[in-house]
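These are the residues of each chain, in order.
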Amino acid sequence: MSDQPQLFKVTIDNITIEVAPGTSILEAARKIGGDVAPPAMCFYSKLKGSGGKCRTCLVEVSKGSEKDPRPMPKLVASCRTTVMDGMEVKNITSERVVDARAGVVEFLLLNHPLDCPVCDQAGECHLQDLSYDHGKAGTRYEFQRRTFKKHDLGEYIQLHMTRCILCYRCVFTAEQLTDKRSHGVLDRGDHAEIATYIEKSLDNDFIGNVIDVCPVGALTDKTFRFKNRVWFLKPVDAHCSCSKCSGKVTLWYRGDEVFRVTARKDQWGEVEDWICNECRFEKKKTSDWTIEGPRVIDRASVISQGHYVGVQKPKETFEAVLDGRKPRLFMDIHSVSGVNRPDINLSLIEGPAHSDDFDRVTKKD
Amino acid sequence: MGVKLLLEKAHVEGIRTYEVYRREGGYRAVEKALKTMGPDAVVEEVKKSGLRGRGGAGFPAGMKWSFIAKPEGVPRHLVCNADESEPGTFKDRYLMEFLPHLLIEGLIVSSFALGSNATYIYIRGEYAWIPDILEQAIAEAKANGWLGKNILGTGFDLEIYVQRGAGAYICGEETALIESLEGKRGNPRIKPPFPAIKGVWERPTVVNNVETLAAVVPIINMGGDEYAKIGVGKSTGTKLISACGNINKPGVYEIDMTISVEEFIYSDEYCGGIANGKRLKACIPGGSSVPILPANLLLKTAKGETRYMNYESLSDGGFATGSMMGSGGFIVLDEDQSVVRNTYTLARFYRHESCGQCSPCREGTGWMEKLLKRLLEGKGKITDIDLLWDIQRKIEGNTICPLGDAAAWPIAAAIRHFRDEFEWYVTNPEESQRRNYGLAHYADPREVVA
Ligand SMILES: Cc1cc2nc3c(=O)[nH]c(=O)nc-3n(C[C@H](O)[C@H](O)[C@H](O)COP(=O)(O)O)c2cc1C
Ligand code: SF4
Ligand code: SF4
Ligand code: SF4
Ligand code: FES
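All of these numbers come straight from a predicted model, not from anything done at the bench.

Some details on the site of ligand 2
Phase 1: Taken together, His112, Leu114, Asp115, Cys116, Cys119, Ala122, Cys125, Gln128, Arg163, Val216 and Gly217 of chain A are the residues near ligand 2.
Phase 2: Residues of the shell around ligand 2, tallied by class, amount to 6 nonpolar, 3 polar and 2 charged.

In structure tokens form, the structure reads like this:
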């Protein structure tokens, strides 16, 4: 016996990688990176028990393992299925997966207002990204959509249930970060809702993190709502010495003004370090912080326009993996709107960015 | 008369009480198992009997028992699933209401086999009067030394607790049941881990249906091999069927699984034929989740062979031309019934009962209900039928628990076999509001049995 921990070989979309036993298919796919990583709307690696619910991360297991090579009959949620040695998985190379995922996206959007133009999450919304990447234009749903009233959950957080996709992330966050969870899911089926039961404010030093984990615009920061569009803001990493949390944050600037403070998010949109309410809601002056430098955001969403510095491309390209076929899914987000321009680096624009800035660059060409 | 193993004594005066039940030979199985057999021997008998789970999926009970993990120092639990909320299924209620001691006896033997010292009966909230009956039986059993500490001097301890549900179909799904039993919201868990490894309070747990556990009593009394001789193939023993709908004699019947569907519907011993001199149009043979079959495919398989009331025969032909034994809820529709209305009713049920955890089931069930409502009201479009097909296809197999499948299958089967009826609602919107469709060509071609 060697002391070297044994690694499992797993092949996803024809790319082979070695991972530690106990790794989920999703995490293995994320190690490969790029579009091999299935979209995940409910799984959150930092929240125990999360995942399995949204079903966007479904993949096909075409070979169970070296020992038991039988394929799995059903598509499985990659976030909650652990790899076996010799497992072979198909994500975007599987017609079944592409078809089922389009179905899941349609279900998620079925009752969704999709009024992104008036939604505060627009630009950093995972559901937006998901629909661009995997959805279909148009809907087959011809009925009235479900709506809910907006609720203030205390001083800082607003809940707009209409936009919620019931990923349960905020419930896990409150459960695992605060000493007493006072909100949860009431009722069931398509009438289930996130609620506090008796209208109640959520107050706990760490409850603000629910805003960051919420993949959509259901939980928003009341100190920031509608003050600005995220893509006009410049994210800057900063820290302070805080007795409650790590104090590591991202400040969102327009000009000299800090519009909001969030936790730092990694390339999968997950919070790196939880932050406390005081850092998030109270410290909105540059003098409260030690600035580290621009935050690099390399997700495909509009928020990242102008921030493509240092992006790493996956080693192998999809055309090679797909035997020369082009992946069916990807719509170039940058073709959608005039302000989504990878060629414009926001950090290089002096002062606040305006829509003119984008026009100017376009016209200059 | 067929063999009766469970309901044989159901009509004995006073059988609900301990004295009469004992006088009629009750608790012999406990004596035999605890005094003359070890736990492993009981599991072995149940394996030999070929008993399949009666809750719906038909998984071999003995095999399930042998999967239970036995880590050192960790208690194990048996949970009796008495949530029975599937439309058309009411056999467990009958058993618990009339023969409570049979269930308790089955629970003692099964708990002994599995090494459970605390066993739970999780009962559907709407069965409001039954917990009292069960608790009475438990108290009597305890007073007579069949429960409590050191039962029959064997050193085996057991308590049985009755836990009332709050009226949710989903809490019949075994992992949702476990969550609910723990006092949480009844959301199904994501498997693995399976209950046999981590169930109630993370302890190894077996969940079995009421009827499954009651059947352990005759198995121990007569021996697994004898039990396996009743029935055919892998459908051993007897099965309770709750028959309802347009039949002359709705009720709970115990059958040995050798009789034909035709005999079950038309013979006076069972359903007694279709009510009001009508003809048989369709039937859902195993509870609301299983595919509906038109009369011709119900009585004969696609190959033209007689269809029997057992696991294999009912599922002959797969979903294309067959159905399932399911939980034994036998719902009969006569020629005047509308399959579109029936399908809508079921869709409404599943929409209401979805726990809402996973998106295909949460959103898809609501969408299908709305489309079916529109069709039923004569306002549907012809494309709605294909749309329904596509929605159910995208739910099936893509959800956390089988409720998604259970919502998809009835709709798929209704469209598969009765598409022209759906179309008729679209093309004859006015007439469809005045009368039910009931085209004769679906009906059993035989003359009405007098
Ligand atoms: C939505 C749903 C509802 C269920 N309801 C019941 C029920 O009411 N009673 C039952 O015995 N099994 C029910 N089941 C099946 C259980 O999950 C489980 O398979 C069964 O209790 C196992 O018992 P058995 O092996 O004895 O059949 C249900 C399953 C699903 C998916
Ligand atoms: S939550 Fe996302 S998809 Fe929904 S309206 Fe807001 S930005 Fe658009
Ligand atoms: S409010 Fe946001 S985080 Fe909470 S369940 Fe809804 S979508 Fe998820
Ligand atoms: S399939 Fe339906 S009932 Fe089952 S977990 Fe998903 S939403 Fe809940
Ligand atoms: S991310 Fe896997 S199911 Fe939601």
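Structural notes on the pattern of salt bridges
Phase 1: Within the structure shown, the criterion is met by 61 salt bridges over all chains.
Phase 2: Notably, a salt bridge pairs Arg70 of chain A with Asp68 of chain A, separated by 2.9 Å at the nearest N-O pair.
Phase 3: Looking at Asp68 of chain A, the relative accessible area reads 33%, which means it is partly exposed.
Phase 4: For the salt bridge of Glu24 of chain B with Lys9 of chain B, the shortest nitrogen-to-oxygen distance reads 3.7 Å. Of this pair, Glu24 of chain B sits in the loop between α1 (18-23) and α2 (28-36) while Lys9 of chain B sits in the segment before α1, and the two are 15 residues apart along the sequence.
Phase 5: By relative accessible area, which is 29% here, Glu24 of chain B ends up partly exposed.
Phase 6: Judged by relative accessible area, Lys9 of chain B falls into the partly exposed class, the value being 24%.
Phase 7: Each of Asp99, Glu106 and Arg140 of chain A together with Asp390, Arg393 and Lys394 of chain B takes part in salt bridges that share partners, so that together they form one network.

Points about the nonpolar core
Residues and elements named next belong to chain B.
Phase 1: The biggest cluster of nonpolar side chains holds 126 residues, and the ones touching the most others in it are Trp65, Ile104 and Ile121.
Phase 2: A per-element tally of this core places helix α18 (residues 403-427) first, with 12 residues.
Phase 3: Once you skip the residues sitting within four places of it in the chain, Ile121 turns out to touch Cys80, Ala82, Leu103, Ile104, Leu107, Leu134, Ile160, Tyr161, Val162 and Gln163.

Some points on the sheet that holds strand β5 (residues 205-209) of chain B
All names here are of chain B.
Phase 1: The mixed open sheet is built from 5 strands, whose spatial order is β3-β4-β2-β1-β5. Looking at which strands have only one partner, the edges of the open sheet turn out to be β3 (148-151) and β5. Across this sheet, the average inter-strand angle for adjacent strands is 25°, counted without regard to direction.
Phase 2: Pairing analysis gives 6 bridges linking strand β2 (residues 116-123) to strand β4 (residues 156-164), with the strands arranged parallel. Bridging across to β4, Thr119 finds its partner in Ile160.
Phase 3: Docked against the sheet, helix α6 (residues 100-114) engages β1 (76-82), β2, β4 and β5, running at close to 125° with respect to β4.

What about the domain arrangement of chain B?
Residue and element names in this part refer to chain B.
Phase 1: By domain assignment, chain B separates into domain 1 (18-229), domain 2 (235-334) and domain 3 (339-442).
Phase 2: One C-alpha centre belongs to domain 2, the other to domain 3; they are set 22 Å apart.
Phase 3: Counting residues at the interface gives 19 residues for domain 2, matched by 17 residues for domain 3.
Phase 4: Here domain 2 meets domain 3 over a buried area of about 1400 Å², counting both sides, of which 65% is carbon and sulfur.
Phase 5: The largest contributions to the domain 2 side of the interface with domain 3 come from Lys281, Ile292 and Phe319, which together make up 39% of the buried area.
Phase 6: Summed over the shared surface of domain 2 and domain 3, the result is 1 salt bridge.
Phase 7: For Lys281, the salt bridge identified is with Glu421, shortest N-O distance 2.9 Å.
Phase 8: Contributing elements (two or more residues each) for the side of domain 2 that touches domain 3: β10 (280-284), β11 (293-294), α12 (295-299) and α14 (318-321).
Phase 9: If one sorts the elements of the side of domain 2 that touches domain 3 by residue count, β10 sits on top with 4 residues.
Phase 10: Residue classes in the side of domain 2 that touches domain 3 are distributed as 13 nonpolar, 4 polar and 2 charged.

Here's the deal with the packing of α2 of chain B against α6 of chain B
All names here are of chain B.
Phase 1: In contact at an axis separation of 9 Å, α2 and α6 are set at 10° when each is read in the N-to-C sense. Taken together, the axis directions place α2 and α6 in an arrangement best described as roughly parallel. Taken together, the residues of α6 that come into contact with α2 (itself represented by Arg28, Ala29, Val30, Ala33 and Leu34) are Glu105, Ile108, Val109 and Phe112.
Phase 2: A class-by-class count of the residues in the contact of α2 with α6 yields 7 nonpolar, no polar and 2 charged.

As for the confidence of the model for chain B
Reading fine detail from the predicted coordinates is not recommended where pLDDT is low.
Phase 1: Across chain B, the average pLDDT comes to 95, with 97% of residues at or above 70.
Phase 2: Model confidence for the complex is summarised by a pTM of 0.90, with the ipTM given as 0.92.

Some points on unusual backbone geometry
Residues and elements named next belong to chain B.
Phase 1: With an omega of -10°, the peptide bond between Lys191 and Pro192 qualifies as cis.
Phase 2: Tracing the chain through its elements places Pro192 in the loop between α8 (174-181) and β5.
Phase 3: Geometrically, the link from Pro192 to Pro193 is a cis peptide bond, its omega value of 0° lying close to zero.
Phase 4: Looking at where Pro193 falls in the secondary structure, it is placed in the loop between α8 and β5.
Phase 5: Its identity as a non-glycine residue notwithstanding, Glu202 has a phi of 65°, on the positive side.
Phase 6: Looking at the secondary structure, you find Glu202 in the loop between α8 and β5.

Thoughts on the site of ligand 1
Residue and element names in this part refer to chain B.
Phase 1: In the neighbourhood of ligand 1, 18 residues make up the surrounding shell, with Gly55, Glu84, Asn208, Asn209 and Thr212 lying closest.
Phase 2: The contact in question runs from an oxygen atom of ligand 1 to an N or O atom on the backbone of Glu84, over 2.9 Å.
Phase 3: In the model, an oxygen atom of ligand 1 is placed 3.0 Å from a nitrogen or oxygen of the Glu174 main chain.
Phase 4: Protein contacts shield 89% of the accessible area of ligand 1, which totals 600 Å² for the unbound molecule.
Phase 5: No other element matches the 3 residues that β5 contributes to the shell around ligand 1.

Here's the deal with a nonpolar patch on the surface
Residues and elements named next belong to chain B.
Phase 1: Together, Phe59, Met63 and Phe67 make up an exposed nonpolar region whose accessible area comes to about 290 Å².
Phase 2: Examined against the element boundaries, Phe59 turns out to sit in the loop between α3 (39-49) and α4 (61-66).
Phase 3: Looking at Phe59, the relative accessible area reads 39%, which means it is partly exposed.

Focus: the pairing of strand β7 (residues 157-160) of chain A
Looking along a regular strand, one sees side chains alternate from face to face of the sheet.
Residue and element names in this part refer to chain A.
Phase 1: Burial along β7 is two-sided: the face carrying Ile157 and Leu159 and the face carrying Gln158 and His160 are both buried.
Phase 2: Here 3 bridges tie β7 to strand β10 (residues 219-221), and the two strands are oriented antiparallel to one another. Note that in β10 the partner of Gln158 across the bridge is Thr220.

Some points on the interface of chain A and chain B
Phase 1: Every contact between the two is made by 35 residues of chain A and, on the other side, 35 residues of chain B.
Phase 2: Buried surface at the junction of chain A and chain B, both sides included, amounts to about 3000 Å², of which 48% is carbon and sulfur.
Phase 3: When residues of chain A are sorted by the area they lose upon contact with chain B, Phe107, Arg140 and Arg188 of chain A head the list and together hold 25% of the total.
Phase 4: One can count 9 salt bridges joining chain A with chain B.

The rules we used
- Residues numbered from 1 in each chain as written.
- Chains lettered and ligands numbered in written order.
- Predicted model: local features only at pLDDT ≥ 70, side-chain atom pairs only at ≥ 80, totals over all residues.
- Heavy atoms only, no water.
- Near = heavy atom within 4 Å.
- Nonpolar A, V, L, I, M, F, W, Y, C, P; charged D, E, K, R; others polar.
- Salt bridge = Lys/Arg side-chain N within 4 Å of Asp/Glu carboxyl O.
- Buried < 20%, exposed > 50% of the residue type's maximum accessible area, 1.4 Å probe, protein only.
- Helix = DSSP H or I, 4+ residues; strand = E, 2+ residues; numbered from the N terminus.
- Core = buried A, V, L, I, M, F, W, Y, C linked by side-chain atoms within 4.5 Å.
- Contact = heavy atoms within 4.5 Å.
- Pairing = 2+ DSSP bridges.
- Axes fitted to C-alpha atoms, helices over the stretch in contact; angles between N-to-C directions.
- Domains from an automatic or database assignment.
- Buried area = accessible area lost by both parts, 1.4 Å probe.
- Parallel < 35°, antiparallel > 145°, perpendicular 65-115°, else oblique.
- pLDDT = per-residue confidence, 0-100.
- Polar contact = N/O pair within 3.5 Å; in protein donor to acceptor, adjacent residues only side chain to side chain.
- Areas by Shrake-Rupley, 256 points an atom, 1.4 Å probe, with all protein chains shown as cover.
- Patch = residues over 30% accessible without salt bridge, like charges linked within 9 Å, V, L, I, M, F, W, Y side chains within 5 Å.

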